[in-house]
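Below are the chains, spelled out letter by letter.
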Amino acid sequence: LYYKSMDIELALEQYTGDYDNNGYTHVDFYFMNINKDQDMNYYYTNQTKLFSEIGLGVSQMYIADKASILAILGEQDEEKAFEDLSALYPDDPQVTDKYYYKVKGSKFAEAALYVESCPEDMYIVVRNENFSSYNSGGNDIAEYHRRAMEVMDNIVNDKKINES
């Protein structure tokens with residue numbers, strides 16, 4: 001996934017609005033390797049960065065394989081952690097197991113130039129507002145969530161706001 005980070009970031013920008021009204025759209029996409037088959041210092045550093053992002057409540061969308069998504073969950077239930085995409089997009093074949101939007105075979109994969117090399121086990125999940133965090137800035141978190149849901153809707157419906 002690391003080598004596709006820039007393409008994924010640029011693809012996300014195609015589906016994202018100019019939320020700060022400065023005439024420029026930018027999405028921060030952070031690659032964090034949380035695979036335990038690496039130097040443990042590097043693993044713990046990435047894990048700390050990831051859990052800081054989760055704790056702050058700013059990161060609302062995650063693109064990862066299912067094992068990594070389950071690591072993000074920790075001890076929380078999926079229904080409390082992620083949005084039920086199957087309820088929002090009941091007829092979309094890319095939505096699997098209620099919470100997971102499969103990247104492989106999607107228009108998003110095309111936008112990210114990830115058609116051929118995208119693994120079968122790569123998904124987008126959107127954080128649920130009930131996902132625990134230590135940030136008490138509720139209004140900001142609610143706004144970040146609203147934006148993430150808007151971007152997810154644009155991805156599912158292949159509604160590009162910014163063509164590259």
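Structure: above.
Remember, predicted model here, so these are calculated numbers, not experimental data.

(A) Structural context of the sheet that holds strand E4 (residues 123-126). With antiparallel pairing, four strands are arranged side by side in an open sheet as E1-E4-E3-E2. Whereas interior strands pair on both sides, the edge strands pair on one side only; in this sheet they are strand E1 (61-64) and strand E2 (95-96). Sheet analysis places E2 next to strand E3 (residues 100-102), joined by two bridges and oriented antiparallel. Considered in E3, the bridge of valine 95 is made with tyrosine 101. Of the strands in this sheet, E1, E3 and E4 touch helix H3 (residues 66-73), which is tilted by about 140° from E1.

(B) Spatial organisation of the pattern of salt bridges. The tally for this structure, following the rule as stated, stands at eight salt bridges. A salt bridge links glutamate 143 to arginine 146; its shortest N-O distance comes to 2.7 Å. Here the residue glutamate 143 and the residue arginine 146 both occupy positions in helix H7 (residues 138-156), the gap between them amounting to three residues, near one helical turn. Glutamate 143 gets classed as partly exposed once you look at its relative accessible area, which sits at 26%. According to the relative accessible area criterion, arginine 146 is partly exposed, its value standing at 39%. In this structure, the salt-bridge partner of arginine 146 is glutamate 150, at a minimum N-O distance of 3.1 Å. One end of the pair is arginine 146 and the other is glutamate 150, both in helix H7 and four residues apart, which spans about a single turn. Of the residues examined, glutamate 150 reaches a relative accessible area of 30% and is grouped as partly exposed. Each of Glu143, Arg146, Arg147 and Glu150 takes part in one network of salt bridges that share partners.

(C) Spotlight on the packing of aromatic side chains. Using the criterion set out here, one finds two aromatic pairs in the structure. When the ring of tyrosine 100 is compared with that of tyrosine 123, the centres are 5.5 Å apart and the planes differ by 70°; the resulting orientation is edge-to-face. Of the two residues, tyrosine 100 sits in strand E3 while tyrosine 123 sits in strand E4, which places them 23 residues apart along the sequence. An identical accessibility class is assigned to tyrosine 100 and tyrosine 123; each is buried.

Conventions we followed
Residues numbered from 1 in each chain as written. Predicted model: local features only at pLDDT ≥ 70, side-chain atom pairs only at ≥ 80, totals over all residues. Heavy atoms only, no water. Pairing = 2+ DSSP bridges. Helix = DSSP H or I, 4+ residues; strand = E, 2+ residues; numbered from the N terminus. Contact = heavy atoms within 4.5 Å. Axes fitted to C-alpha atoms, helices over the stretch in contact; angles between N-to-C directions. Salt bridge = Lys/Arg side-chain N within 4 Å of Asp/Glu carboxyl O. Buried < 20%, exposed > 50% of the residue type's maximum accessible area, 1.4 Å probe, protein only. Phe/Tyr/Trp six-rings, centres within 6.5 Å; stacked < 30°, edge-to-face > 60°.

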